Amino acid sequence: MLFTALCLTFIVFFLTNLEPNLEKLAKTEGNFRMSDEAVQSWLSDRGYTDNTFVKFGRWMGVAPGWETVKEDGTVLRQCRDAKLPEEDRATYCGVLQGDWGYSLRFKTDVSNVISERLGATGKLMFFVMIFMVPMALIVGVLAGMREGSGLDRSLSTFSIATTATPEYVSGVIFIAVFSSSAVGLKWFKGSATSALEDITFENFTLPVLTIALYGMGYVARMTRASMTEVMTAQFIRTARLKGVSFRNIVLKHALRNALIAPFTVIMLQFPWLLNGVVIVETLFNYKGFGWALVEAASNNDIELLLAVSVVSVAVVLITQLISDIGYVYLNPRIRVS
Amino acid sequence: MEPLTWTGGLGTVLDPIFFLAAGLLAVSLVLQVILAYAAPSGRAQINPDGTIAADTGPYGMVSRASMYLLLLLIATVLAYIAVGAVLGPNGAGIVGGLARRLLPVWIALVLLYAVSIAYKRKLGLYGKLFDSTVGMIGFGLVMFWVFVGVFGAMDLIITHQPLDVVSGMKNKVPGTPLRGAEDGDYAWYLLGGDNLARDVFSRIVKGAWEVIKIAPFATLFAFMVGITLGLPAAYYGGWLDMLISFLANLILAFPVILLFYLLVTPEISAVGVPKYMAMFLFAFPIIFAAVLLNSRYHTQPSLRTPLMVIVLGLLIYGYLVMVSDGGYLLDTRRGDAKGYTFPGLPSALDFFDMPPGILVVFVSVVFVNSPTVFRIVRGLALDIKTRDYVAAAQTRGEGPWYIMLWEILPNARGPLIVDFCLRIGYTTILLGTLGFFGLGLPPDSPDWGTTINDGRKLLSIYPHAAIFPAVSLLTLVLGLNLLADGLREESLKD
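Bear in mind that the values here come from a model prediction, so they are computed numbers and not experimental data.

Definitions and cut-offs
- Residues numbered from 1 in each chain as written.
- Chains lettered and ligands numbered in written order.
- Predicted model: local features only at pLDDT ≥ 70, side-chain atom pairs only at ≥ 80, totals over all residues.
- Heavy atoms only, no water.
- Helix = DSSP H or I, 4+ residues; strand = E, 2+ residues; numbered from the N terminus.
- Buried < 20%, exposed > 50% of the residue type's maximum accessible area, 1.4 Å probe, protein only.
- Lys, Arg positive; Asp, Glu negative; His and termini not counted.
- Charge placed at Lys NZ, Arg CZ, Asp CG, Glu CD.
- 1 Å grid on protein atoms, 1.4 Å probe; cavity = no way out; pocket = protein on both sides within 12 Å on 5 of 7 lines; lining within 4 Å.
- Points joined across faces, edges and corners; volume = space filled by probe spheres on them.
- Nonpolar A, V, L, I, M, F, W, Y, C, P; charged D, E, K, R; others polar.
- Expected span 1.5 Å × (residues − 1).
- Arc of directions from axis to C-beta.
- pLDDT = per-residue confidence, 0-100.
- Contact = heavy atoms within 4.5 Å.
- Buried area = accessible area lost by both parts, 1.4 Å probe.
- Salt bridge = Lys/Arg side-chain N within 4 Å of Asp/Glu carboxyl O.
- Polar contact = N/O pair within 3.5 Å; in protein donor to acceptor, adjacent residues only side chain to side chain.
- Phe/Tyr/Trp six-rings, centres within 6.5 Å; stacked < 30°, edge-to-face > 60°.
- Lys NZ or Arg CZ within 6 Å of the ring centre and 35° of its normal.
- Axes fitted to C-alpha atoms, helices over the stretch in contact; angles between N-to-C directions.
- Parallel < 35°, antiparallel > 145°, perpendicular 65-115°, else oblique.
- Left-handed = near helix turned anticlockwise from the far one by under 90°.

1. Some remarks on the overall build of chain A
So, step 1. Along its length, chain A carries 14 helices and four strands.
So, step 2. The principal-axis extent of the C-alpha atoms belonging to chain A is close to 90 × 65 × 30 Å.
So, step 3. The buried share of chain A, taken over its 337 residues, is 51%.
So, step 4. The distance from the centre of the 30 positive side-chain charges to the centre of the 29 negative ones in chain A is 17 Å.

As structure tokens, then:
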């Protein structure tokens with residue numbers, strides 16, 4: 001798992017530090033009419049022309065940071081502590097030392113940007129989860145407890161329809177119906193920018209609904225499948241023959257067994273939810289983590305893009321781990337020996 | 001000229017029926033769901049001849065009512081289309097205009113359904129699709145967009161060119177007549193104009209072609225890659241399996257949008273990464289075909305050799321045509337002489353250059369899809385590997401590739417076909433995502449994602465420019481999902 005994380009980080013590092021990216025960086029930071037030689041010297045002054053592995057080591061904080069003394073005596077250092085006295089300056093300043101670099105787009109430390117934006121997205125995800133998980137489980141259990149019934153068919157069609165609606169489609173439809181002046185309902189706001197300071201029902205419903213709907217259908221279908229499987233099991237038949245009421249069979253006997261599979265599915269939904277977050281934050285102009293990703297990528301903000309990628313990959317890997325552990329913990333048939 | 005209303009004169013007759021049927025249907029569906037739990041089951045009645053008949057009670061009545069209402073609704077929609085196509089925009093408003101423009105599509109659909117239903121018993125799984133209502137609806141939606149795309153590409157349906165700008169038509173609502181239309185021009189913007197005064201309807205039709213020409217092929221390539229890697233991984237196991245699974249998991253750990261933002265940028269294209277990926281990924285169909293034919297026919301060299309030469313020759317030629325560009329397989333020279341080249345197919349033989357934007361999009365979509373396909377194929381093959389017929393083939397002394405491709409693969413076809421349909425839908429969603437973020441495709445491309453992205457800026461004032469492409473994408477993906485559901489149902493019946 002650590003090896004996977006390391007590989008992924010390296011791939012991202014490689015892809016963001018390609019030569020054309022660096023050239024563009026030099027030109028935006030220096031000036032646009034730089035000659036090729038000037039670009040090269042700008043890059044080599046800042047350690048960008050070294051071997052990729054060395055650069056990666058520096059970024060990670062396992063290799064000493066670059067330091068260039070210019071002819072006029074100014075010192076350029078990777079560690080942004082050139083103002084400190086000589087003896088206080090650090091040699092290693094990478095991710096391991098907690099230094100994620102400097103964001104050119106937001107003109108501040110990357111770690112500040114990440115923590116702030118992640119907090120905003122955390123709020124969004126929290127509400128999405130609160131809405132999505134219970135709804136998906138209820139829909140799935142209701143559909144699965146009597147396979148083939150009218151309720152099952154309508155709910156299954158509903159979940160198929162939601163999985164067929166990507167966020168940018170449902171978001172557009174929601175905005176057009178609920179907040180445009182053309183239809184005239186105007187129940188909610190089409191932008192969630194104000195939700196950063198103050199979450200209200202009016203500005204946060206549509207983004208949450210948009211992300212939740214797409215994820216919900218999939219979880220509901222998984223819940224339905226596992227519920228129908230449990231409902232045909234022997235112990236349910238025994239309970240029926242004993243004369244247990246249908247409500248008690250569902251609530252006391254079937255439900256706990258049927259919820260094992262959806263748990264792992266919910267956890268594995270995180271990569272999809274991250275996608276949804278990027279789309280919805282762009283669509284509703286909510287300045288969170290996904291918005292930061294788009295901004296970093298479109299402004300060639302290499303260090304921010306790297307940090308965003310590493311964080312999102314880490315989130316995915318951690319949720320996979322939680323899902324594996326949770327599966328073992330929930331399912332009595334699997335025991336770690 | 002008057003602006004068109006939605007249904008024109010036709011609406012005075014059909015609109016009340018339509019809304020009444022739709023409203024009643026909604027009510028009866030809700031009732032049906034409630035009654036499924038609340039109503040007592042019907043009483044059993046003993047007939048004079050000794051048989052027992054159970055009457056279905058109020059639930060049965062409601063469900064029959066909702067079925068008739070659904071039929072009525074479908075009949076009304078068909079009437080809108082049929083009468084609308086006859087009356088045209090002057091008699092039946094926007095609906096009539098649309099129905100008239102889409103006439104080739106209706107004819108093709110009716111022909112397809114008539115032929116398919118007439119011969120459905122002889123058509124295998126495809127024919128069985130016509131036994132399931134859900135599958136038929138899904139297939140209808142999919143084929144509707146396929147025909148729209150194909151006829152749209154032949155310029156049969158569109159009313160204006162997708163890039164034509166007509167002055168005074170900026171952000172106009174659906175049905176606005178063209179200002180200063182001349183004789184040859186179509187007199188209305190049926191679905192309105194977008195923020196650059198282009199016709200929304202024609203752009204949707206052209207956008208359908210963008211999807212139809214990329215999504216199925218990208219999915220097919222992803223399946224080739226997934227199958228060619230997944231079968232040996234499952235069959236041999238061991239370090240090969242570990243290695244490929246590790247690589248697949250690496251790709252799967254990226255959120256898709258992040259991967260797109262890393263892969264589909266002009267900088268990456270300048271280094272030639274998409275070209276390398278194309279050269280790698282497009283090789284899989286050749287490997288697949290070579291192994292497939294060789295494992296089957298290697299005992300009959302007289303048949304095998306000519307067959308292989310023809311098939312592989314065509315495939316390799318196709319590969320070179322797809323990959324090479326202006327005489328080079330790879331050309332990273334940018335302006336100055338920096339960079340390097342690989343010579344490829346000479347330009348004289350290269351009749352088709354894939355536009356670089358499309359290539360990047362195609363390759364990244366294949367790249368994102370193939371690890372998932374790999375996991376599915378691997379899972380299926382691990383299961384089938386333990387069956388008796390595989391053991392029998394091993395005992396017969398068949399080679400490993402014969403067993404993989406001619407014993408395991410055909411027996412995994414059911415779930416794979418279903419997943420193929422679902423995955424085309426997912427690919428469509430991915431293409432839309434790329435367009436939505438303005439990645440890869442040119443900014444004036446008529447594909448639905450780009451159109452939605454263009455339209456969303458004025459969404460709260462003029463929703464029509466974004467909402468019609470959004471609904472189109474929704475119906476196509478929904479159709480593919482329903483089709484997959486129908487196929488799954490029918491293939492489980494065997």
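2. Regarding empty space enclosed by the protein
So, step 1. Per the counting criterion, the structure on display carries six cavities of 30 Å³ or more.
So, step 2. When its volume is computed, the largest cavity comes out at roughly 100 Å³.
So, step 3. By residue class, the composition of the lining of the largest cavity is nine nonpolar, two polar and one charged.

3. As for helix α3 (residues 103-118) of chain B
All names here are of chain B.
So, step 1. Under the 1.5 Å per step criterion, the end-to-end length of α3 is 23 Å for 16 residues, consistent within 8% with the ideal 22 Å.
So, step 2. Residues of α3 that are buried: V105, A108, L109, Y113 and S116. Projected down its long axis, α3 carries its buried residues within an arc of 125 degrees, all on one side. Structural note: α3 exposes V110, L111 and A118 on the side pointing more than 90 degrees away from its buried face.

4. As for the layout of surface pockets
All names here are of chain B.
So, step 1. Counted as a void, the second largest pocket has a volume near 1,900 Å³.
So, step 2. In terms of lining, the second largest pocket is formed by 40 residues, of which the most central are V77, I81, W106, L141 and F144.
So, step 3. Those elements giving two or more residues to the lining of the second largest pocket turn out to be α1 (8-38), α2 (57-101), α3, α5 (133-153), α6 (200-236) and α18 (464-492).
So, step 4. Here the lining of the second largest pocket takes 12 residues from α2, the largest share from any one element.
So, step 5. A class-by-class count of the residues in the lining of the second largest pocket yields 34 nonpolar, five polar and one charged.

5. Remarks on the confidence of the model for chain B
So, step 1. Chain-level statistics for chain B give a pLDDT mean of 85 and a share of 91% at 70 or above.
So, step 2. Complex prediction metrics read pTM 0.89 and ipTM 0.87.

6. Overview of the interface of chain B and chain A
Accessible area lost upon the coming together of the parts serves often as the stated size of an interface.
So, step 1. Counting residues at the interface gives 48 residues for chain B, matched by 57 residues for chain A.
So, step 2. Buried surface at the junction of chain B and chain A, summed over both partners, amounts to about 4,400 Å²; 74% is from carbon and sulfur atoms.
So, step 3. A salt bridge links R221 of chain A to D485 of chain B; the shortest N-O distance between them is 3.8 Å.
So, step 4. Remark: the boundary between chain B and chain A carries five residue pairs in polar contact (both at pLDDT 80 or more).

7. Looking at helix α7 (residues 167-178) of chain A
So, step 1. In a regular helix each residue adds 1.5 Å, so 12 residues correspond to 16 Å; α7 of chain A covers 16 Å between its end C-alpha atoms and thus fits that length.
So, step 2. Counted residue by residue, α7 of chain A has 10 buried out of 12 residues, so it is predominantly covered.
So, step 3. Listing the buried residues of α7 of chain A in full gives E167, Y168, V169, S170, G171, V172, F174, I175, A176 and F178 of chain A.
So, step 4. Check the buried side of α7 of chain A and you find it contacts α8 (201-231) and α12 (270-284) of chain A together with α16 (413-436), α17 (448-455) and α18 of chain B.

8. Notes on unusual backbone geometry
All names here are of chain A.
So, step 1. In this structure, K107 takes a positive phi of about 55 degrees despite not being glycine.
So, step 2. One can find K107 in the loop between β3 (102-103) and β4 (108-109).
So, step 3. Given the relative accessible area of 54%, K107 is considered exposed.
So, step 4. Positive phi outside glycine occurs at N285, with the angle close to 55 degrees.
So, step 5. Position of N285 among the secondary structure elements: in the loop between α12 and α13 (289-298).
So, step 6. Look at N285 and you get partly exposed, because its relative accessible area is 34%.

9. Some details on the packing of aromatic side chains
Two numbers describe a pair of aromatic rings. These are the distance of the centres and the angle of the planes.
So, step 1. A full pass over the atoms with the stated rule returns 36 aromatic pairs over all chains.
So, step 2. With centroids separated by 5.5 Å and ring planes inclined at 55 degrees, the aromatic side chains of F204 of chain A and Y286 of chain A adopt a geometry described as tilted. Residue F204 of chain A is located in helix α8, and its partner Y286 of chain A is located in the loop between α12 and α13; the two are separated by 82 residues in the primary sequence.
So, step 3. Note on Y286 of chain A: relative accessible area 2%, which makes it buried.
So, step 4. Judged by centre distance (5.4 Å) and plane angle (80 degrees), the ring pair of Y126 of chain B and F130 of chain B falls under edge-to-face.
So, step 5. Assessed through its relative accessible area of 5%, F130 of chain B is described here as buried.
So, step 6. By the ring-pair criterion, three or more aromatic residues cluster together here, those being F10, F13, F53, F56, W59 and W100 of chain A.
So, step 7. Directly above the ring of F106 of chain A sits R105 of chain A, whose terminal nitrogen or CZ lies 4.7 Å from the centroid.
So, step 8. The ring of W406 of chain B has R296 of chain B sitting right over it, with the charged end atom 4.6 Å from the ring centre.

10. A closer look at the pattern of salt bridges
So, step 1. In total, this model carries 17 salt bridges over all chains according to the counting rule given.
So, step 2. Among the charged side chains, a network of salt bridges with common partners joins D194, R198, R203 and D454 of chain B.

11. Side note on the environment of F131 of chain A
All names here are of chain A.
So, step 1. If you trace the backbone, F131 turns up in helix α5 (residues 110-145).
So, step 2. For the pair F131 and V277, spaced 146 residues apart in sequence, the C-alpha separation works out to 15 Å.
So, step 3. Residues in contact with F131, not counting those within four places in the same chain, are V208, L209 and A212.

12. Considering the packing of α7 of chain A against α18 of chain B
So, step 1. For the pair α7 of chain A and α18 of chain B, interaxial distance at closest approach is 9 Å and the crossing angle is 135 degrees. The orientation of α7 of chain A relative to α18 of chain B falls into the category oblique. In the packing of α7 of chain A onto α18 of chain B, the handedness of the crossing is left-handed. On α18 of chain B, the residues touching Y168, V169, V172, I173 and A176 of chain A of α7 of chain A are A466, I467, A470, V471, L473 and L474 of chain B.
So, step 2. A class-by-class count of the residues in the contact of α7 of chain A with α18 of chain B yields 11 nonpolar, no polar and no charged.

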